[in-house]
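For reference, the chains in residue letters:
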Amino acid sequence: AIDYEIKHLAGILTDLSLLTSQSWELKSRIAYEKIKLKPFIKTVVDRCKALSYKKNISITTRNVPSLTIVGDKVYLEKMLVNLIKNSIIYGHENGRTIIDIKKSKQSVVINIIDNGIGISGQDLPHIFERFYRVDKFHRSGGNSIGLGLAIVKWIAELHGGEVSATSKKDEGSIFSVSLPIKTA
């Protein structure tokens, strides 16, 4: 239990340092590299399987193109894992999470689609704010302090992209991350 709490607190401190650092300082920590999208998405999904197994939530991928993107692999993985874990935590037993990817000439859009509890219209505009929590305790088990989606937004913007969400209460949510396709 102590080990778990130490890891949990260390994760919170890491997240806080990301969000409180100066932007120039953070940009110097970014390690851009070529990332093959298909194996990258598979790795992210594999990391989330244990959590989805507990609630019997299926995770499926659709339309993953064979392309190479340029970005910081560690941060991009953290961003997608945060989104997929949220879809599981706030998902219904026996539910689903779909990762659907759309490619255009200039960008790749990664959609995380779930059929979970959804987000109310009054909360939706605030979900990417630091420390904002839609669900104050019961669904997340008290492990959320409201930094996950703020970090998702920061990582997307750091890579020249953006994140958005649409949702209906009790019907599910779609989180979309758009990243520019840079010359690899």
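Throughout, residues of each chain are indexed from 1 in the direction in which the sequence is written. Local features in this predicted model are restricted to residues whose pLDDT is 70 or higher, and side-chain atom pairs enter the listing and the counts only when it is 80 or higher, whereas totals over whole chains, interfaces and linings include all residues. The side-chain figures draw on all heavy atoms in the structure; neither hydrogens nor water molecules are used.

(A) Geometry of helix α4 (residues 73–89). Comment: elements are numbered from the N terminus, with helices defined as DSSP H or I runs of at least four residues and strands as E runs of at least two. Multiplying 1.5 Å by the residue count of a helix minus one yields the expected span of that helix. Here α4 spans 24 Å end to end across 17 residues, near enough to the 24 Å set by a 1.5 Å rise per residue. Considered for burial, the residues of α4 that qualify are Tyr 75, Leu 76, Glu 77, Met 79, Leu 80, Val 81, Leu 83, Ile 84, Ser 87 and Ile 88. We call two N or O atoms a polar contact when they sit within 3.5 Å, provided that within protein one can donate a hydrogen and the other can accept it, with sequence-adjacent residues counted only if both atoms are side-chain atoms. The distance from a side-chain oxygen at the start of α4 to the backbone nitrogen of Val 74 is 3.1 Å, and the residue carrying that oxygen is Asp 72. Relative accessibility under 20% of the residue-type maximum defines a buried residue, over 50% an exposed one, and the middle range a partly exposed one, all with a 1.4 Å probe and only protein chains included.

(B) Local environment of the pattern of salt bridges. By definition here, a salt bridge exists when the distance from a side-chain nitrogen of Lys or Arg to a carboxyl oxygen of Asp or Glu is within 4 Å. Inspection of every chain in the model, using the stated rule, returns four salt bridges. Glu 77 is the partner of Arg 47 in a salt bridge, and the nearest nitrogen-oxygen pair spans 2.8 Å. With Arg 47 in helix α3 (residues 37–55) and Glu 77 in helix α4, the pair connects residues that are 30 residues apart, well separated along the chain. The class for Arg 47 is partly exposed, based on a relative accessible area of 46%. Look at Glu 77 and you get buried, because its relative accessible area is 15%. A network of salt bridges, in which partner residues are shared, links Arg 62, Asp 100 and Lys 102.

(C) Focus on the pairing of strand β4 (residues 96–103). For two strands to be treated as a pair, DSSP must find no fewer than two bridges joining them. Looking at chain direction, strand β2 (residues 58–62) and β4 are connected through five bridges and run parallel. Note that in β4 the partner of Ser 58 across the bridge is Arg 96. Linking β4 back to strand β5 (residues 107–114) in an antiparallel pair, the connection comprises three residues.

(D) Focus on the sheet that holds strand β7 (residues 172–180). Taken together, five strands build an open sheet; the order of strands is β2-β4-β5-β7-β6 and the sheet is mixed. At either end of the open sheet lies a strand with only one pairing partner, and these are β2 and β6 (162–168). Mean inter-strand twist for the sheet, computed between neighbouring axes without regard to direction, equals 15°. Only heavy atoms enter the contact rule, under which two residues are in contact if any of them lie within 4.5 Å. What counts as an axis is a line fitted to C-alpha atoms, over the stretch in contact for a helix, and the angles between N-to-C directions run from 0 to 180 degrees. Each of β2, β4 and β5 touches α3; the most contacted strand, β2, lies at about 170° to it.

(E) A look at the confidence of the model for the protein chain. The quantity known as pLDDT measures the predictor's confidence residue by residue, on a range of 0 to 100. Considering every residue of the protein chain, the mean pLDDT works out to 82; 76% of them sit at 70 or more. Model confidence for the protein chain, summarised as mean pLDDT per element, is weakest for helix α2 (residues 23–29) at 57 and strongest for β5 at 95.

(F) Looking closely at the packing of α4 against helix α5 (residues 148–158). In contact at an axis separation of 9 Å, α4 and α5 are set at 140° when each is read in the N-to-C sense. Our pair here, α4 against α5, has a crossing hand that is left-handed. Touching Tyr 75, Leu 76, Lys 78, Met 79, Asn 82, Leu 83 and Asn 86 of α4 are Gly 148, Leu 149, Ile 151, Val 152, Trp 154, Ile 155 and Ala 156, all from α5. Handedness of a crossing follows from how the near helix is turned relative to the far one, being left-handed for an anticlockwise turn of less than a right angle and right-handed for a clockwise one.

(G) Quick look at the nonpolar core. For this analysis, a nonpolar core means a set of buried residues of the types Ala, Val, Leu, Ile, Met, Phe, Trp, Tyr and Cys, connected via side-chain atoms within 4.5 Å. Membership of the largest hydrophobic core comes to 42 residues, with the highest contact counts inside it found for Leu 37, Ile 41, Met 79, Ile 99 and Phe 175. At the level of secondary structure, the elements contributing two or more residues to this core comprise α3, α4, β4, β5, α5, β6 and β7. The element best represented in this core is α4, accounting for eight residues.

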